[in-house]
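A structural walkthrough
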Amino acid sequence: MTPARTTLLRNREGHAKVGFSELFFDLVFVFAITQLSHTLLEDLTALGALRTGLLFLGVWWLWIFTSWVTNWLDPDKVPVRVMIFALMFGGLLLSSSLPQAFGERGLAYGLAFAAMQVGRTAFMLWALRGGRNPGNFRNFLRILIWMSISAVFWVLGGLADPESRILWWLAAVAIEYLGPITYFPVPGLGRSSLSDWDVEGAHLSERCGLFIIIALGESILITGATFAKLDWNPTTVAAFCAAFLGSVAMWWIYFDSGAERATHRMLQQTDQTRQARQARNAYTYLHLLIVGGIVVCAVADELVLVHPDHADAAGVAAIIGGPGLYLLGCAWFKWVTNTRAFPPFSHCAGLLLLAALAFASGSLHLSPLILGVSTSAILMIVAAWETMAVRRGSREVAPAAH
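Residues numbered from 1 in each chain as written. Predicted model: local features only at pLDDT ≥ 70, side-chain atom pairs only at ≥ 80, totals over all residues. Heavy atoms only, no water.

We now examine the overall build of the chain. A tally of regular secondary structure across the chain gives 15 helices and 0 strands. Each principal axis of the C-alpha atoms in the chain carries an extent, and together these give about 70 × 65 × 35 Å. Buried positions account for 54% of the 402 residues belonging to the chain. Within the chain, residue pairs in contact and separated by at least 24 positions form 80% of the contacts whose partners lie at least 6 positions apart. Across the chain, the centroid of the 27 positively charged side chains sits 11 Å from that of the 26 negatively charged ones. (Helix = DSSP H or I, 4+ residues; strand = E, 2+ residues; numbered from the N terminus. Buried < 20%, exposed > 50% of the residue type's maximum accessible area, 1.4 Å probe, protein only. Contact = heavy atoms within 4.5 Å. Lys, Arg positive; Asp, Glu negative; His and termini not counted. Charge placed at Lys NZ, Arg CZ, Asp CG, Glu CD.)

Following this line, the structure appears as structure tokens:
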């Protein structure tokens, strides 16, 4: 065993804290989320939503794969820090190319994405070689092969004309997202096993929580920057307050109990296979809906602020769909990470209220301001409902335990 290689791995005794270099890395994705919001806002059509959604899938996948890698690697080691900073540089290039990814900067996006995915995986192989987990080494060998195949599609898509680029990149995303679900099968190497994914659940949970903060912070920044440029009158003030309260309610829904209870469940899980499955399903995939909902809500908040009196069908879809996507993701996440037989009733009720609001909007032609105030009110109701339900459940369990 070569000490210089194995010392790049984390010491698994105790909780693996999120390093400052990881937080520094996340700053790039503040920029990426902002770019995605502006890109969707500038092309709020079905095609624009498809393109932005495809770019969002790529941005999230880059971030979550890096979070999995730093779950094993020690960010306080110089080689790991250098790798993280190299990824930051690539992420900055990629984020800068997002508005024109389906235009003149498609090749820059494709090359940056491919280089980050392949380069990070190759570094992980070097760090794991001769280490304590040969199963994880074989796992990343399979991942490198899968990433190398998807890299071809990312680059070919960047070289293709804008009309066909989306097909190449859809194929690349499909390859990358199917990998963990199918356990990265490779002829001659077999497929990975969840027992190989020796995940430190509290670290991954904390990383995803911090990304939610990043996305919510981006929403707050857009709201503040937009409001600062407008005339302050009763309409814009009402839209501003509704946007702020909606963001607070979204924070409350995720962080008041759900995030902490999910982390506690991960820490209590002694079966490594089940812990790895929960980490893959709850954090790698389901957080897509949560973060995507926040991005769409940021677009909706700006629409309500700038155009409080009128919005087309796409604008209405964003105003109602953003909170819907967020509640759906949170409900599914809490269902998967808890022992409850059903998703939270508060979240299901919130989704029904949003569906009723969508129906009313079509028949009554409600203004964006009324829709924005209504969606924020619904989110606040869900937050208050779940908080009271959790507190009541805690009071009922405490006497029984006593």
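A word on the side chain of N136. Mapped onto the fold, N136 is located in helix 6 (residues 134–159). In this structure N136 comes out as buried when scored by relative accessible area, which is 1%. Polar contacts involving the side chain of N136 include one to the side chain of N139, which spans 3.2 Å. Ignoring any residue separated from it by four or fewer positions in sequence, one finds N136 in contact with W72, L128, D196 and W197. (Polar contact = N/O pair within 3.5 Å; in protein donor to acceptor, adjacent residues only side chain to side chain.)

Grouped together as the largest cluster of nonpolar side chains are 105 residues, with contacts concentrated most on F29, W60, I64, L73, Y109 and Y254. In terms of residue count, the dominant contributor to this core is helix 3 (residues 46–72) (13 residues). (Core = buried A, V, L, I, M, F, W, Y, C linked by side-chain atoms within 4.5 Å.)

Turning next to the confidence of the model for the chain. Chain-level pLDDT for the chain is 89 on average; 94% of the residues reach the 70-or-more range. Across the chain, element-level confidence peaks in helix 4 (residues 78–97) with a mean pLDDT of 96 and bottoms out in helix 1 (residues 3–6) with 44. Counted against residues more than four places away or in other chains, residues 1–6, with its pLDDT under 50, gives 8 contacts. (pLDDT = per-residue confidence, 0-100.)

The interhelical angle for the contact between helix 11 (residues 272–285) and helix 12 (residues 287–306), taken along N-to-C directions, is 10°, at an axis separation of 4 Å. Judged by the inter-axis angle, helix 11 sits roughly parallel to helix 12. Only H287, L288 and L289 of helix 12 make contact with helix 11, whose side of the interface consists of A282, Y283, T284 and Y285. Taken together, the residues of the contact of helix 11 with helix 12 sort by class into 5 nonpolar, 2 polar and no charged. (Axes fitted to C-alpha atoms, helices over the stretch in contact; angles between N-to-C directions. Parallel < 35°, antiparallel > 145°, perpendicular 65-115°, else oblique. Nonpolar A, V, L, I, M, F, W, Y, C, P; charged D, E, K, R; others polar.)

This part takes up the environment of R129. Relative to the elements of secondary structure, R129 occurs in the loop between helix 5 (106–128) and helix 6. Along the sequence, R129 and R265 sit 136 residues apart, while their C-alpha atoms lie 31 Å from each other.

Turning to the state of the cysteines, a few remarks are in order. The tally for this structure, following the rule as stated, stands at 0 disulfides. Free cysteine C208: the closest other cysteine sulfur is in C330, separated by 12 Å. A residue is classified by how much of its surface remains accessible, and C208, at 0% relative accessible area, is buried. Of all cysteine sulfurs, the one in C297 lies closest to C330, which takes part in no disulfide; the gap is 10 Å. The exposure class assigned to C330 is buried, which follows from its relative accessible area of 0%. (Disulfide = S-S within 2.5 Å.)

A cluster of nonpolar residues, I213, I220, F244, L245, V248, W251, W252 and M380, forms a patch on the protein surface that exposes about 690 Å² of accessible area. When contributions to the nonpolar patch are tallied by element, the ones reaching two or more residues are helix 8 (201–229) and helix 9 (234–255). In terms of residues, the nonpolar patch owes the most to one element, helix 9, which gives 5 residues. (Patch = residues over 30% accessible without salt bridge, like charges linked within 9 Å, V, L, I, M, F, W, Y side chains within 5 Å. Areas by Shrake-Rupley, 256 points an atom, 1.4 Å probe, with all protein chains shown as cover. Salt bridge = Lys/Arg side-chain N within 4 Å of Asp/Glu carboxyl O.)

Quick look at the environment of P75 now. Assignment of secondary structure puts P75 in the loop between helix 3 and helix 4. In this structure P75 comes out as buried when scored by relative accessible area, which is 2%. C-alpha of P75 to C-alpha of G106: the two residues are 31 residues apart in sequence and 31 Å apart in space. In contact with P75, not counting residues within four places along its chain, are R10, G19, S21, E22, V80, R81 and I84.

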